[in-house]
Amino acid sequence: MIIAANWKMNPPLADAGALAAAYAAESFDGVTRILFPPAPYLVQMGVRLDGADMQVGGQDCHHNASGAHTGDIAAGMLAECGASTVLLGHSERRTDHGEDDALVAAKAVAALTTGLDVMICVGETLDQREAGAAEAVVTAQLDGSVPAGIEASRLMLAYEPVWAIGTGKVASVEDIAAMHAAIQQWLAGRDLASVPILYGGSVKPANADTIFGVPDVGGALVGGASLKAEDFSGICSAGARTAAARS
Ligand code: PEP
């Protein structure tokens, strides 16, 4: 089980240190934890988590290795600051910054070249789901965002229905199962069957066991609940229970 904390543009630095220290005090059998802090905090959070059972990663990177790109961050810089992974194609990047699948794929190539692993996000909007296009949308995102020839061991996917992110709404178990099965089938067709598929969208301690009970769910990408140490811990405990039940 992989459980990732996406802090987005939160919290203030003073709170971040305490939160990372709380994360560092715990570990969960069968659970790999990854923290995606805001980029300016990466080194400090890496220091807080040094020796702890949790990796750090970047929330985004540029598709070029260096150059005149004010405000952007190269994948190699993330790696130098201690990142093991970069999150790419989050719906907030796709919406706020107009990132399309081709750009996500280019960023993934840049990240892989520097030695970072990639976690690529996909997911449909509510309109797309209501139009019956959810699977077609996600499959097209996979086709466009996942670089050809990527090694399975370097890739994680996060299925995040856009309408479930930060809204308190969670996809039904049936819808999660159907989408994860469709993604699994897509992966199997490309020799990537071992790639973990995380679910994201309002995961909380109260619903984590149910979500992790879906067979193809390999973990969670957690936004809001990762800002409360107790809630993130509760989700990781559910992940450990699932890992034990599956082994
Ligand atoms: C996310 O940031 O990817 C996310 C799923 O957020 P939340 O858990 O708040 O819905």
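As the structure is a prediction and not an experimental result, all values here were calculated from the model.

A. Quick peek at the side chain of Asp60. Position of Asp60 among the secondary structure elements: in the loop between strand 3 (54–58) and helix 3 (75–80). Of the polar contacts made by the side chain of Asp60, one reaches the side chain of Arg93; its length is 3.2 Å. At a separation of 2.8 Å, a polar atom in the side chain of Asp60 contacts the side chain of Lys107. Residues contacting Asp60, with those up to four places away along its chain left out, are Leu78, Val86, Leu87, Leu88, Arg93, Glu99 and Lys107.

B. Spatial organisation of the pattern of salt bridges. On inspection of all chains with the given rule, the structure shows eleven salt bridges. Among the ionic pairs, Asp60 bridges to Arg93, the shortest N-O distance being 3.2 Å. You can see Asp60 sitting in the loop between strand 3 and helix 3 and its partner Arg93 sitting in helix 4 (residues 91–96), a full 33 residues away along the chain. On the basis of relative accessibility, which here comes to 22%, the residue Arg93 falls in the partly exposed class. When the shortest N-O distance is used, the salt bridge between Arg241 and Asp209 registers 2.8 Å.

C. Inspection of helix 10 (residues 229–246) at higher detail. Compared with the 26 Å implied by 1.5 Å per residue over 18 residues, the 26 Å span of helix 10 between its first and last C-alpha is a close match. Along helix 10, the residues classified as buried are Phe232, Ser233, Gly234, Ile235, Cys236, Ala238, Gly239, Ala240, Thr242 and Ala243.

D. Here's a closer look at the pairing of strand 7 (residues 197–200). Burial along strand 7 is two-sided: the residues Ile197 and Tyr199 and Leu198 and Gly200 are all buried. In terms of strand pairing, strand 6 (residues 155–159) meets strand 7 through three bridges, oriented parallel. By the bridge assignment, Leu157 is partnered in strand 7 with Ile197. With respect to chirality, the unit in which strand 6 leads through helix 8 (residues 173–188) into the neighbouring parallel strand 7 is right-handed.

E. Representation of the environment of Ala178 within the structure. Counting through the fold element by element, Ala178 comes out in helix 8. When its relative accessible area of 36% is taken as the criterion, Ala178 is described as partly exposed. For the pair Ala178 and Val214, spaced 36 residues apart in sequence, the C-alpha to C-alpha distance is 9.7 Å.

F. Focus on the site of the ligand. Surveying the vicinity of the ligand reveals 14 residues, the closest of which are Lys8, Glu160, Gly166, Ser202 and Gly224. Take Ser202: an N or O atom from its main chain is 2.8 Å from an oxygen atom of the ligand. Relative to its unbound accessible surface of 290 Å², the ligand loses 98% to contact with the protein. A per-class count over the shell around the ligand returns four nonpolar, eight polar and two charged.

G. Inspection of the sheet that holds strand 3 at higher detail. A barrel is described by the order of its strands in space; here eight strands give the closed sequence 1-2-3-4-5-6-7-8, paired in parallel fashion. In this sheet, adjacent strand axes meet at a mean angle of 25° when their direction is disregarded. With respect to the sheet, helix 7 (residues 134–145) is in contact with strand 5 (117–122) and strand 6, its orientation differing from that of strand 5 by roughly 150°.

H. Structural view of the packing of aromatic side chains. Under the counting rule described, the total for this entry stands at three aromatic pairs. Arranged with centres 6.0 Å apart and planes meeting at 45°, the rings of Trp7 and Tyr23 form a pair that is tilted. One end of the pair, Trp7, is in the loop between strand 1 (2–6) and helix 1 (13–24); the other, Tyr23, is in helix 1, and 16 residues separate them in sequence. Given a relative accessible area of 0%, Trp7 falls into the buried group. Of the residues examined, Tyr23 reaches a relative accessible area of 2% and is grouped as buried.

Here is what the cut-offs are and how they apply
- Residues numbered from 1 in each chain as written.
- Predicted model: local features only at pLDDT ≥ 70, side-chain atom pairs only at ≥ 80, totals over all residues.
- Heavy atoms only, no water.
- Helix = DSSP H or I, 4+ residues; strand = E, 2+ residues; numbered from the N terminus.
- Polar contact = N/O pair within 3.5 Å; in protein donor to acceptor, adjacent residues only side chain to side chain.
- Contact = heavy atoms within 4.5 Å.
- Salt bridge = Lys/Arg side-chain N within 4 Å of Asp/Glu carboxyl O.
- Buried < 20%, exposed > 50% of the residue type's maximum accessible area, 1.4 Å probe, protein only.
- Expected span 1.5 Å × (residues − 1).
- Pairing = 2+ DSSP bridges.
- Right-handed = clockwise from strand over helix to strand, strands pointing away.
- Near = heavy atom within 4 Å.
- Areas by Shrake-Rupley, 256 points an atom, 1.4 Å probe, with all protein chains shown as cover.
- Nonpolar A, V, L, I, M, F, W, Y, C, P; charged D, E, K, R; others polar.
- Axes fitted to C-alpha atoms, helices over the stretch in contact; angles between N-to-C directions.
- Phe/Tyr/Trp six-rings, centres within 6.5 Å; stacked < 30°, edge-to-face > 60°.

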